[in-house]
Amino acid sequence: YAWINQVWYVEAGAYGSPRAVTLNRLGMDPTSPGSIDGLAPYGRFAWQHNFGKHTFEAGAFGMYTKINPGLDKSTGATDNYGDLGLDVSDQYVFDNTDVVSFNARYIHEHQDLKATYLLGGAAQAHNTLNDIRADVSYYWRNKIGATVQLFDTTGSADELLMADNRTFKPNSDGLMLQLDGTPWGDGKGPLGQRFNMRVGVQYTLYGKFNGAHSNYDGAGANASGNDTLRVFTWLAF
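Counting from 1, residues in each chain are numbered in the order their sequence is written. With the structure being a predicted model, the display of local features is reserved for residues of pLDDT at least 70 and the display and counting of side-chain atom pairs for 80 or more, all residues being used for whole-chain, interface and lining totals. Hydrogens and waters are ignored; side-chain quantities use all the structure's heavy atoms.

### Details of the overall build of the chain
Now for step 1: When helices and strands are counted, the chain shows two helices and twelve strands.
Now for step 2: For the chain, the sequential pattern of α-helices and β-strands runs β-β-α-β-β-β-β-β-α-β-β-β-β-β.
Now for step 3: Principal-axis analysis of the C-alpha atoms gives the chain an extent of 60 × 45 × 40 Å.
Now for step 4: Exposed residues in this analysis have more than 50% of their type's maximum accessible area, buried residues have under 20%, and partly exposed residues fall in between, with area computed by a 1.4 Å probe over protein chains only. The burial tally for the chain puts 31% of its 237 residues in the buried class.
Now for step 5: By definition in these notes, contact holds between two residues if any of their heavy atoms fall within 4.5 Å. Long-range contacts, defined here as pairs at least 24 residues apart, represent 57% of the contacts in the chain between residues at least 6 apart.
Now for step 6: The accessible surface values rely on the Shrake-Rupley method and a 1.4 Å probe; as for residues, cover is taken only from the protein chains in view. Total accessible area on the chain is roughly 14,100 Å²; 58% of this is exposed by carbon and sulfur atoms.
Now for step 7: Positive and negative side-chain charges in the chain, numbering 18 and 24 respectively, have mean positions lying 7 Å apart. Helix and strand labels come from DSSP, where a helix needs a run of H or I of at least four residues and a strand needs a run of E of at least two; each type is numbered from the N terminus. Neither His nor the chain ends is counted toward charge; the positive residues are Lys and Arg and the negative residues Asp and Glu. Charge coordinates come from a single atom per side chain, which is NZ of Lys, CZ of Arg, CG of Asp or CD of Glu.

### Section: a nonpolar patch on the surface
Now for step 1: For patch building, the residue pool is restricted to those with more than 30% relative accessible area and no salt bridge; the joining distance is 9 Å between like charges and 5 Å between nonpolar side chains (Val, Leu, Ile, Met, Phe, Trp, Tyr). Salt bridge criterion: a side-chain nitrogen from Lys or Arg within 4 Å of a carboxyl oxygen from Asp or Glu. Nonpolar side chains collect at one region of the surface, where Val148, Leu177, Leu179, Val201, Tyr203, Leu205, Leu229 and Val231 lie side by side and expose about 690 Å² of accessible area between them.
Now for step 2: Within the residue set of the nonpolar patch, elements represented by two or more residues are β10 (172-181), β11 (196-208) and β12 (228-236).
Now for step 3: When residues in the nonpolar patch are grouped by element, the largest group, three residues, is from β11.
Now for step 4: Mapping Leu179 onto the fold places it in strand β10.

### Some thoughts on the packing of aromatic side chains
Now for step 1: For Phe, Tyr and Trp, rings pair up if their centres lie within 6.5 Å, where Trp contributes its six-membered ring, and each pair is then called stacked (planes under 30 degrees apart), edge-to-face (over 60) or tilted (otherwise). This model, assessed by the stated rule, comprises nine aromatic pairs.
Now for step 2: Seen from their ring centres, Trp184 and Phe195 are 5.9 Å apart, and the 45° between their planes marks the pair as tilted. In this pair, Trp184 is assigned in the loop between β10 and β11 and Phe195 in the loop between β10 and β11, connecting sequence segments eleven residues apart.
Now for step 3: Here Trp184 falls in the partly exposed class, since its relative accessible area comes to 23%.

### Let's talk about the pattern of salt bridges
Now for step 1: All chains considered together, the criterion is met by eight salt bridges.
Now for step 2: Residue Arg44 pairs with Glu57 through a salt bridge whose shortest N-O separation is 2.9 Å. Of this pair, Arg44 sits in strand β4 (residues 40-51) while Glu57 sits in strand β5 (residues 54-69), and the two are 13 residues apart along the sequence. Side by side, Arg44 and Glu57 carry an identical accessibility label, which is buried.
Now for step 3: Here Asp180 makes a salt bridge to Arg198, at a shortest N to O gap of 3.6 Å. Of this pair, Asp180 sits in strand β10 while Arg198 sits in strand β11, and the two are 18 residues apart along the sequence.
Now for step 4: For Asp180, a relative accessible area of 4% puts it in the buried group.
Now for step 5: Within the structure, one salt-bridge network assembled from shared partners comprises Arg44, Glu57 and Asp87.

### A short note on unusual backbone geometry
Now for step 1: A cis amide bond, omega 0°, links Ser32 with the succeeding residue Pro33.
Now for step 2: Structurally, Pro33 is set in the loop between α1 (20-25) and β3 (34-36).
Now for step 3: Even without being glycine, Arg141 reaches a positive phi, approximately 55°.
Now for step 4: We note that Phe168 has phi near 65°; this positive angle belongs to a residue other than glycine.
Now for step 5: Residue position: Phe168 is located in the loop between β9 (144-155) and β10.

### Digging into the pairing of β5
Now for step 1: Strand pairing follows a simple DSSP-based rule, namely that at least 2 bridges must link the two strands. Of the pairings in the sheet, the one linking β3 to β5 comprises three bridges and is antiparallel in character. Its bridge partner being in β5, Ser35 is matched across the sheet by Asn68.
Now for step 2: Here β4 pairs with β5 via ten bridges, running antiparallel. Residue pairing for β5: Phe45 is matched across the bridge by Ala60.
Now for step 3: Hairpin remark: β4 followed by β5, antiparallel, with two residues in the connecting loop; positive phi at Gly52, about 65°.
Now for step 4: Bridging between β5 and strand β6 (residues 79-93) involves 14 bridges; their strand directions are antiparallel.

Structural data, given as structure tokens:
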């Protein structure tokens, strides 16, 4: 990656899958969703500029991945995923170090599921997926933060690929709320400025889940039956 004149950011890389035996030893299922065939290239480009107390950024990114579904190579084909995305962000810093930030991201994914189709796991070889998310955050003295995010995911219907889904679609939307605290956001932690931590609580409310306003199990429950509460912490050093 390169950061040029504090304005232009360029990044290129590639991702691969650990061996199945390694994933097993780590307690993970190596067959879900499968392994990357070779390497998956990734790239990102972004422009950033300061406008007074605002820091604005706009960027684009992409990734191309070939997957052996379930580690099955018997078809001689792979599932190919092409992802292209756009993102923007704006951050405003008050004189008292309070911060308001806005972030938005859009991703379009084209799926060429030839391997899964030949294995009988998909009704069609070509699908698409679109995901858009936008959030606003406010941080008081870099210590107490509140975030509101809207999200909307839409995609192609496939009665085999999403057989457990009553509408056969991945369409979901909703609202995420988060409160968090960073005790040493002022850099005066017990281990100096190089160490920090954050604790928080996050709640996700669904307006639509897997294409319907009621659960795919047909029980008649609202999409809110999938609402999720998460308590988290992270450490940074």
